[in-house]
Amino acid sequence: AQSVTQPDIHITVSEGASLELRCNYSYGATPYLFWYVQSPGQGLQLLLKYFSGDTLVQGIKGFEAEFKRSQSSFNLRKPSVHWSDAAEYFCAVGAPGGTSYGKLTFGQGTILTVHP
Amino acid sequence: DTAVSQTPKYLVTQMGNDKSIKCEQNLGHDTMYWYKQDSKKFLKIMFSYNNKELIINETVPNRFSPKSPDKAHLNLHINSLELGDSAVYFCASSRTGQPQHFGDGTRLSIL
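Now for a look at the structure at hand.

### Side note on empty space enclosed by the protein
Residues and elements named next belong to chain B. Overall, the coordinates contain one cavity of 30 Å³ or more when judged by the stated rule. If you trace the largest cavity, you find it lined by Asp30, Met32, Tyr49, Asn50, Asn51, Lys52, Ser68, Asp70, Lys71 and His73. For the lining of the largest cavity, the elements supplying multiple residues, two or more each, are strand 5 (43–50) and strand 7 (64–70).

### A look at the state of the cysteines
Residues and elements named next belong to chain B. One pass over the full model with this rule turns up two disulfides over all chains. Disulfide partner of Cys23: Cys91, at an S-S distance of 1.9 Å. Between Cys23 and Cys91 the disulfide shows an S-S torsion of about -80°. By sign, it is left-handed. Of the two residues, Cys23 sits in strand 3 (residues 19–25) while Cys91 sits in strand 9 (residues 87–94), which places them 68 residues apart along the sequence.

### Considerations on the layout of surface pockets
In this structure, the largest pocket spans a volume of roughly 310 Å³. Contributing to the lining of the largest pocket are 22 residues, with A:Gln38, A:Gly41, B:Lys41, B:Val88 and B:Arg107 lying nearest its centre. When residues of the lining of the largest pocket are traced back to their parent elements, those giving at least two are strand 10 (87–94) of chain A together with strand 9 and strand 11 (106–110) of chain B. Grouping the constituent residues of the lining of the largest pocket by class yields seven nonpolar, nine polar and six charged. One number sums up the size of the second largest pocket: a volume of about 230 Å³. Among the elements that line the lining of the second largest pocket, the one with the most residues is strand 6 (residues 44–50) of chain A, at three residues. The residue inventory of the lining of the second largest pocket, partitioned by class, reads seven nonpolar, five polar and one charged.

Cut-offs used in this document
Sequence order sets the numbering: in each chain, residues are counted from 1 along the sequence as written. All chains are assigned letters beginning at A, and all ligands numbers beginning at 1, according to the order in which they are written. Given that the model is predicted, a residue must reach a pLDDT of at least 70 before its local features are reported, and side-chain atom pairs must reach 80 or more before they are shown or counted; all residues, however, enter totals for whole chains, interfaces and linings. The basis for every side-chain value is the complete set of heavy atoms in the structure, and neither hydrogens nor water enter the calculation. Both cavities and pockets are sets of points on a 1 Å grid over the protein atoms alone; in a cavity a 1.4 Å probe fits but cannot get out, in a pocket the set is open with protein on both sides within 12 Å along at least five of seven lines, and lining residues sit with an atom within 4 Å of a point. Grid points are joined across faces, edges and corners, and a volume is the space filled by probe spheres set on the points. Each helix corresponds to a stretch of at least 4 residues labelled H or I by DSSP, and each strand to a stretch of at least 2 residues labelled E; elements are numbered beginning at the N terminus. Any pair of cysteine sulfurs within 2.5 Å is marked as a disulfide. All residues other than Ala, Val, Leu, Ile, Met, Phe, Trp, Tyr, Cys, Pro, Asp, Glu, Lys and Arg, Gly among them, are scored as polar; the first ten of these are nonpolar and the last four charged.

Shape is all these values report; function is a separate question.
Encoded structure:
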């Protein structure tokens, strides 16, 4: 069964500081990996995805993530955080095939607070 | 234009009632999903339909019944609502093998 762990429930950074949100997954093969962001009262917006190929993927809003197979990780990074980045971030793993094809399993989310 | 739209946005009702949530997508996607987000913000898939065919049916009480009249619509009907059904329900859609696009959610509160 696939699973996702986001070890940090809440992270606080200062505006302009760098950011790294951790994500570890469990899956029998190479999964599809995603980061979504949720602002209060809103749905989930896709930040970036990894399907295959280059392990460093670029997303929207200046975010990037790196797939590390040996560590089963897909950490999200941003070099300089803006106040508007304050939100909750979800890592998700998807099955590329089989009976669970299309099923997304989400981590428990990381709340990001940005101090001015 | 809204890509994935859900109605209603808020739903407040009493225990034991039956209610429906509607979802429509105008992205031309062939797969649609229902997720439940509980009070701790944990998101879990409930159902998935591909071209009107049920393909994912997680362990969900049979009081929950999805219905897909066509590829652009996936509705969720809930019978005999219970307190534990209070949550935010998200609809999503995708092309096969592509990332999912989410609606803004329906916040269901059971009194």
